[in-house]
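Remarks on the overall topology
So the chains spell out like this:
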There are 2 protein chains.
Amino acid sequence: MTAPDALRWDAQRLGAWSEPLLARVEAALSQWVGVDAPVLLGDAMRYAVLDGGKRLRPLLVFAACESVDGQAEAALRAACAVELIHAYSLVHDDLPCMDNDVLRRGKPTVHVKFGEADALLAGDALQALAFELLTPEREGIAPAVQAHLCRLLARAAGSQGMAGGQAIDLASVGVALDEARLREMHRLKTGALLQGSVEMGAACGSIDAQALDALRAYGSAVGLAFQVVDDILDVTADSQTLGKTAGKDAASDKPTYVSLLGLDGARAQARALLAQALEALDRSELADTGALRALAYMVVDRDR
Amino acid sequence: MTAPDALRWDAQRLGAWSEPLLARVEAALSQWVGVDAPVLLGDAMRYAVLDGGKRLRPLLVFAACESVDGQAEAALRAACAVELIHAYSLVHDDLPCMDNDVLRRGKPTVHVKFGEADALLAGDALQALAFELLTPEREGIAPAVQAHLCRLLARAAGSQGMAGGQAIDLASVGVALDEARLREMHRLKTGALLQGSVEMGAACGSIDAQALDALRAYGSAVGLAFQVVDDILDVTADSQTLGKTAGKDAASDKPTYVSLLGLDGARAQARALLAQALEALDRSELADTGALRALAYMVVDRDR
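Read on for an overview of the structure. (Residues numbered from 1 in each chain as written. Chains lettered and ligands numbered in written order. Predicted model: local features only at pLDDT ≥ 70, side-chain atom pairs only at ≥ 80, totals over all residues. Heavy atoms only, no water.)

Focus on the packing of aromatic side chains
- Within the structure shown, the criterion is met by 3 aromatic pairs over all chains.
- The interplanar angle of 0 degrees and the centroid separation of 4.1 Å between the aromatic rings of Phe131(A) and Phe131(B) together place this pair among those described as stacked. Within this pair, whereas Phe131(A) is found in helix α6 (residues 116-134), its partner Phe131(B) is found in helix α6 (residues 116-133), the two belonging to separate chains.
- Residue classification places Phe131(B) among the buried residues on the basis of a relative accessible area of 0%.
- Centroid distance Tyr47(B) to Phe114(B): 5.5 Å. Interplanar angle 70 degrees. Geometry classified as edge-to-face. Residue Tyr47(B) is located in helix α2 (residues 39-49), and its partner Phe114(B) is located in helix α5 (residues 110-114); the two are separated by 67 residues in the primary sequence.
- A relative accessible area of 17% places Tyr47(B) in the buried class. (Phe/Tyr/Trp six-rings, centres within 6.5 Å; stacked < 30°, edge-to-face > 60°. Helix = DSSP H or I, 4+ residues; strand = E, 2+ residues; numbered from the N terminus. Buried < 20%, exposed > 50% of the residue type's maximum accessible area, 1.4 Å probe, protein only.)

Quick look at the structure:
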């Protein structure tokens, strides 16, 4: 690790930092999601979003915003927007024509509870809502920031980001990918939105090109580390701890970091990516990267 | 009709006006859609969007932009964005868990050609791309216009717009709706994006509140007229002319204007809505509403 231990936030400090932010996210999501939506649609949207998940992406937005001393109101909307994109992707990913999964965050998946058609529509509506949240009519967020946030989110979510990664994933079942191609898939599928979260947080303030490059590298390393750890947990954790079906990747013959590198190799990879992320933060020369640093540790050390 | 005949564009003039605009839309979509998207995803996106459809929504954007002497570059992006939202909604609507339709624009639907999972992802990616097109990094479109366009499109597409209307539609199969509830469903399902197209065109220029209200009323009337005519054509046209399965609504026991008002009643309704749309244009006191007027006639007089 390149970071002196003095710079490591402990779990307690991370908790104290994140708790009020997460409370704001929950309150905002509860106020904004599925309200006034017709019939079952609003219920399905709220079920998909509220009271669940680690909220890693919102925390990355807030931490990056903090590192550039950015605007809190913009960060809150950006945090909610990335979480909506993440939530919609899970709803669609769980559908029978995709992963056909019935358990998510310890609860029945949206289509099990509301039916496939409403799950499909809820996902679609959540994506639209993400962009609606980023463009409030009367609020002190500069139009240039609103447009920039939309641009970053659209790219992270689209065919050259998350949706593109999912398409590669689909095409990879039963196919032997080498590490480079596996990394490319995950760079898009999970990495793009995690890196996008960091960039959106930075877009809530001002940042020079060199520091932005460093934050992007941080986001990229954390994004990939997240997926490596996901692959490890899919093998080592049980479904109850994960809140979703464990052992799924192996069962569906999907290539993973564990199948490619072995368990120890995957763990070493995760540590190496953590080191890369921390090194990028050092390189950024941003003053206040404590939260970003702590989140990188959290991503690698998590047990679910 | 409140419009003097002298103000009616004939079909030839409408064609001369729309032809170069449609050529620009096709060229732009071909340049922007599915390029650099991985594996089959890009092909599915392009199949869903290119070389098909009446492009009514883009034409409404251009016509409204013209009425406020707005910026052509912004209108082109807005026109493509609304068409992408429309295209994605068709892809998802055709999926087996929704309408389960195999024919669209005279071709196999996207999921028939590419499989359900890629169709789902292509729709998702098209929605993201719509917002990406609205927020170009280097182009002379003011950030305030970009943000405004995103806001309008997100609202038109989301749970209080198109997706909401589709959810009501889902919940209405086999249910006896009265005219007010049928209108509410269509106001969201089809009307929101058509009205949104008009508002987005107007957002490419400047417009006072009274004229904007009038344009909204125009968009609302045209949107509803479109649906009434759709219901009529579902009964009177054959599948080959429509390019999609005719008689579908009656077969699936969906409430329609024809089932509610009868064929003559529905036709009278369409004419009344056309009159409302034209009256709203008169009220707007905008100088250049010829194209909007012609499009209203086209919506009501079309045979597919």
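Observations concerning the relation of the copies chain A and chain B
- When chain A is fitted to chain B, the residual RMSD is 0.0 Å, and the transformation amounts to a turn of 180 degrees plus an axial shift of 0.0 Å. Here the transformation between the copies is reduced to the relation of a two-fold axis.
- In this assembly, 100% of the residues forming the interface of chain A have copies in chain B that are likewise at the interface, indicating an isologous arrangement. (Least-squares fit on C-alpha atoms with pLDDT ≥ 70 in both. Contact = heavy atoms within 4.5 Å.)

Re the packing of helix α3 (residues 56-67) of chain B against helix α9 (residues 179-203) of chain B
Residues and elements named next belong to chain B.
- Look at α3 against α9: their axes get within 6 Å of each other, and the N-to-C directions meet at 35 degrees. Read as a crossing pair, α3 and α9 show a hand that is right-handed. Between α3, through Leu-56, Arg-57, Leu-60, Val-61, Ala-64 and Cys-65, and α9, the contact on the second element is made entirely by Thr-190, Leu-193, Leu-194, Ser-197, Val-198, Gly-201 and Ala-202. (Axes fitted to C-alpha atoms, helices over the stretch in contact; angles between N-to-C directions. Left-handed = near helix turned anticlockwise from the far one by under 90°.)

A few points about the interface of chain A and chain B
- In this complex, chain A contributes 45 residues to the contact, which on the side of chain B involves 45 residues.
- Buried surface at the junction of chain A and chain B, summed over both partners, amounts to about 3,700 Å²; 69% is from carbon and sulfur atoms.
- Inspection of the chain A/chain B interface yields 4 salt bridges.
- Note that Arg155(A) and Glu137(B) form a salt bridge whose closest N and O atoms lie 3.7 Å from each other.
- At the boundary of chain A and chain B, one finds 13 residue pairs in polar contact (both at pLDDT 80 or more).
- For the side of chain A that touches chain B, the secondary structure elements donating two or more residues are α2 (39-49), α4 (72-94), α6, α7 (143-157) and α8 (162-171) of chain A.
- Among the elements that line the side of chain A that touches chain B, the one with the most residues is α6(A), at 11 residues.
- Its residues assigned to classes, the side of chain A that touches chain B comprises 28 nonpolar, 9 polar and 8 charged. (Buried area = accessible area lost by both parts, 1.4 Å probe. Salt bridge = Lys/Arg side-chain N within 4 Å of Asp/Glu carboxyl O. Polar contact = N/O pair within 3.5 Å; in protein donor to acceptor, adjacent residues only side chain to side chain. Nonpolar A, V, L, I, M, F, W, Y, C, P; charged D, E, K, R; others polar.)

As for the environment of Ser67(B)
Residue and element names in this part refer to chain B.
- Mapped onto the fold, Ser-67 is located in helix α3.
- Sequence separation between Ser-67 and Ser-206 is 139 residues, and the spatial gap between their C-alpha atoms is 9.9 Å.
- Setting aside residues up to four positions removed in sequence, Ser-67 forms contacts with Leu-215, Leu-286, Asp-288, Thr-289 and Leu-292.

A short note on the packing of α6(A) against α7(A)
All names here are of chain A.
- Contact pair α6 / α7: the axes reach a minimum separation of 9 Å and the direction vectors enclose 160 degrees. Compared by their axis directions, α6 and α7 come out roughly antiparallel. Considering only the axes of α6 and α7, their crossing is right-handed. Seen from α6, the contacting residues are Gln-127, Ala-130, Phe-131 and Leu-134; seen from α7, they are Gln-146, Leu-149, Cys-150, Leu-153, Ala-154 and Ala-157.
- Within the contact of α6 with α7, the residues separate by chemical class into 8 nonpolar, 2 polar and no charged. (Parallel < 35°, antiparallel > 145°, perpendicular 65-115°, else oblique.)

Concerning helix α13 (residues 257-284) of chain B
Residues and elements named next belong to chain B.
- Between its terminal C-alpha atoms α13 stretches only 29 Å, short of the 40 Å expected from 28 residues at 1.5 Å a residue.
- Leu-263 marks where α13 bends most, by close to 95 degrees.
- The N-terminus of α13 is capped by Thr-256, whose side-chain oxygen sits 3.1 Å from the backbone nitrogen of Val-258. (Expected span 1.5 Å × (residues − 1). Bend = angle between axes of the 7 residues up to and from the residue.)

Quick word on α7(A)
- With 15 residues, α7(A) should reach 21 Å at 1.5 Å per residue; the first-to-last C-alpha distance of 21 Å fits that figure.
- Within α7(A), 11 of the 15 residues are buried, leaving the element largely enclosed by the surrounding structure.
- On the buried face of α7(A), the contacting elements are α4, α6, α8 and α9 (179-203) of chain A together with α6 and α7 (143-157) of chain B.

A look at unusual backbone geometry
- Phi angles above zero are rare outside glycine, and Asn100(A) is one such case at about 50 degrees.
- Position of Asn100(A) among the secondary structure elements: in the loop between α4 and β1 (103-104).
- Classification of Asn100(A) by relative accessible area gives partly exposed; the value is 46%.
- The backbone of Asp36(B) shows a phi angle near 65 degrees, a positive value even though the residue is not glycine.
- Asp36(B) gets classed as exposed once you look at its relative accessible area, which sits at 63%.

Quick look at the nonpolar core
- Residues Trp17(A), Leu153(A), Tyr218(A), Trp17(B), Leu153(B) and Tyr218(B) are the most contacted members of the largest nonpolar core, which totals 224 residues.
- Among residues more than four places away in sequence, those in contact with Tyr218(B) are Leu60(B), Val198(B), Ala277(B), Ala280(B), Leu281(B), Leu292(B), Arg293(B), Leu295(B) and Ala296(B). (Core = buried A, V, L, I, M, F, W, Y, C linked by side-chain atoms within 4.5 Å.)

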